[in-house]
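# Tertiary structure, described
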Amino acid sequence: MISRRNLFAQMAAGAAVGVAGAVNAAAVSRVALAAIPDAMQRDTPDTAPPLSPPDGRPYQPVVTLNGWTLPWRLRDGVKEFHLVAEPVVRELAPGCTAHLWGYNGQSPGPTIEVVEGDRVRLYVTNRLPEHTSVHWHGQRLPNGMDGVSGLTQPAIRPGETFVYEFVARRPGTFMYHPHADEMTQMAMGMMGFWVTHPKAHHPAIATVQRDFCFLLSSYDIDPGSYTPRISTMTDFNLWTWNSRVFPGIDTLNVRQGDRVRIRVGNLTMTNHPIHLHGHEFQVTGTDGGPVPPAARWPEVTTDVAVGQMRQIEFVADEPGDWALHCHKSHHTMNAMGHAVDTLIGVDHRGLASRINKIIPDYMAMGERGMADMAEMEMPIPENTVPMMSGQGPHGSLEMGGMFSVVKVRADQKPGDYSDPGWYRAPAGSVARRVETPGEAPSSPMPTAHQHPPRPTAGASEAASTRPASEPLRVRKPDGHGHHGH
């Protein structure tokens, strides 16, 4: 916890700016400074329980996946929050941590929840080594509160505290992030979620029993290292939800029959088709606010483009463990070398032992596909996670990155977000091996140890036109060298 006294010392070091809009808190009287709320901190990546509003207008709070909601203080009818931009250490998954920048001890920062019509005052203290600002992405607000350094306000220099104040004018799903040295600061994890609840019944906003939210973010962190490459443009190798990768992402646990809302914001540098198994959903909210019911249609996948927010809703009426993931398959992988050649069908017999004479830790893999990698338990560099990982009730999940599970249970109690464990399917309802198996697939190509089948007349002529086989080139996979997405 950061003490208020320390904050006073930091703010006293800042120079007064005195501009219309976001202002340096050092320009505010000491009496006003004494009223700045404490900056709450959190150091665990666990999903916090929903924060029921202690005062102000009532609402159904959200659950931030592997995150939390920032407490506020109600002062003279204004909701006051305190964000601290600072370096943080974030666990991406067990055994893998990253040195990021974030807010209040975490990346992403805490979710901010308010009610339509609330007057909001947000203090932002900069403990980074460079200047910053906060842009309230999607909000209707006075121009001077928009948070674009150099355009609508001076940048917040290290040690300074600025204050933003505006009315949350429309309900919906929003985000916040820096608008100063943006590529660096977002590549380092600076972002957060914002939810404005409706103040009264809204014809396009349904009552839900579960309301989840998470941000899409991406990093380029080589296996064995801790700090993201900040100059990466599109070539990221870790695809995260709230700065977590599978198997580090918590499950979304609901009661059968619940109406479920999932809010997703995308602050990566590419789009993400978010796909839910076992249920159809509707997109009920976008960047512009609630979607009128007459304009909705059923989906099982919705694309979330860069800088967009989407709300999806469905009735969880099918019990089970249902996958929820980005449908770009390389986004459900963890750090890997994308420049590895395809070796499906290449006979590795005896090859590894010969290569081991010059590269002792070489491992032959990929001749039958890449699933072997999830089974090998091969040694990996420190501070990384396997490319494909996770164990389910029936074996390896072979997933990573942007993947989680929606767990629907009939006996999940209302308001209970705890993990019920794996689903126990009724007898006879699981895909199973049949007693008379089909023929096993034949080897896709002959090898030096096999005699090729006798060619037919037509095939012989076609084969004579094929280019000669290239000699097998062997390359030890590295941790990088991947290409764009």
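Residues numbered from 1 in each chain as written. Predicted model: local features only at pLDDT ≥ 70, side-chain atom pairs only at ≥ 80, totals over all residues. Heavy atoms only, no water.

Bringing the overall build of the protein chain into the picture now. When you go through the protein chain residue by residue, the secondary structure sums to six helices and 24 strands. Expressed as a percentage of its 485 residues, the buried residues of the protein chain come to 49%. For the protein chain, restricting intrachain contacts to residue pairs at least 6 apart in sequence, the fraction spanning at least 24 positions comes to 75%. Per element, the accessible surface of the protein chain, about 23,100 Å² overall, is 55% carbon and sulfur. (Helix = DSSP H or I, 4+ residues; strand = E, 2+ residues; numbered from the N terminus. Buried < 20%, exposed > 50% of the residue type's maximum accessible area, 1.4 Å probe, protein only. Contact = heavy atoms within 4.5 Å. Areas by Shrake-Rupley, 256 points an atom, 1.4 Å probe, with all protein chains shown as cover.)

This part covers the sheet that holds strand β11 (residues 192-197). Pairing is mixed across the open sheet formed by four strands, whose spatial order is β6-β11-β10-β8. Edge positions in the sheet fall to β6 (112-115) and β8 (135-137), since each of these pairs with one other strand and no more. Direction aside, neighbouring strands of the sheet carry axes that sit 25° apart on average. Across three bridges, the pairing between β8 and strand β10 (residues 172-177) is antiparallel. (Pairing = 2+ DSSP bridges. Axes fitted to C-alpha atoms, helices over the stretch in contact; angles between N-to-C directions.)

Under the criterion given, the structure shown has eleven aromatic pairs. Aromatic pair Trp136 and Tyr164: ring centres 5.3 Å apart, planes at 80°, arrangement edge-to-face. Of this pair, Trp136 sits in strand β8 while Tyr164 sits in strand β9 (residues 161-167); the two residues are 28 residues apart in sequence, bridging distant segments of the chain. Each member of the pair Trp136 and Tyr164 is classed as buried. Seen from the ring of Tyr417, Arg210 lies directly overhead, with NZ or CZ sitting 4.7 Å from the centre. Above the plane of the ring of Trp422 lies Lys407, whose end atom (NZ or CZ) is 4.5 Å from the centre. (Phe/Tyr/Trp six-rings, centres within 6.5 Å; stacked < 30°, edge-to-face > 60°. Lys NZ or Arg CZ within 6 Å of the ring centre and 35° of its normal.)

This part takes up the sheet that holds strand β14 (residues 252-255). Taken in spatial order, the five strands line up as β14-β24-β21-β16-β19 in an open sheet, and their pairing is mixed. The sheet is open, and its two edges are formed by β14 and β19 (301-304), each paired on a single side. The mean inter-strand angle of the sheet, taken between neighbouring strand axes irrespective of direction, is 20°. As paired elements, strand β21 (residues 320-326) and strand β24 (residues 403-409) share six bridges and run antiparallel to each other. Each bridged residue has a counterpart across the sheet, and for Asp321 the counterpart in β24 is Lys407.

A few words on the pattern of salt bridges. Any two side chains of opposite charge can pair, given that their charged atoms come close. If you walk through the whole model with that rule in mind, you get 20 salt bridges. With a closest N to O distance of 2.8 Å, Glu165 and Arg119 form a salt bridge. With Glu165 in strand β9 and Arg119 in strand β7 (residues 119-126), this pair connects stretches of sequence that are 46 residues apart. Here Glu165 ties to Arg121 by a salt bridge, and the two come within 2.7 Å at their closest N and O atoms. (Salt bridge = Lys/Arg side-chain N within 4 Å of Asp/Glu carboxyl O.)

Structurally, Asn66 is set in the loop between β2 (63-64) and β3 (73-75). Excluding anything up to four places from it in sequence, Asn66 contacts Pro45, Asp46, Thr47, Arg90, Arg244, Gly248, Ile249 and Asp250.

Along the chain, Thr161 turns up in strand β9. For Thr161, a relative accessible area of 0% puts it in the buried group.

Turning our attention to the confidence of the model for the protein chain. Of the residues in the protein chain, 76% have a pLDDT of 70 or more, and the chain-wide mean is 84. Below a pLDDT of 50 lies the segment residues 443-468, which in the model reaches eleven contacts outside its immediate sequence neighbourhood of four places, other chains included. Confidence drops under pLDDT 50 across residues 481-485; counting only partners more than four residues distant or on other chains, this segment forms 20 contacts. (pLDDT = per-residue confidence, 0-100.)

Here the focus is the environment of Gly192. One can find Gly192 in strand β11. Looking at Gly192, the relative accessible area reads 0%, which means it is buried. Between the C-alpha atom of Gly192 and that of Tyr103, which follows or precedes it by 89 residues, the distance is 8.2 Å. If sequence neighbours within four positions are ignored, Gly192 has contacts with Pro108, Gly109, Met175, Tyr176 and Leu215.

To continue, consider the nonpolar core. By size, the foremost hydrophobic cluster in this structure holds 41 residues, and its most contacted members are Phe81, Leu83, Ile112, Leu122, Trp136, Tyr164 and Trp194. Elements supplying a minimum of two residues to this core: β4 (78-93), β5 (96-103), β6, β7, β9, β10, β11 and β12 (210-219). Sequence-distant contacts of Leu122, defined by excluding residues within four places in its chain, comprise Phe81, Ile112, Trp136, Phe162, Val163, Tyr164, Phe166 and Trp194. By size, the runner-up hydrophobic cluster in this structure holds 27 residues, among which are Phe214, Val283, Val304 and Ile312. (Core = buried A, V, L, I, M, F, W, Y, C linked by side-chain atoms within 4.5 Å.)

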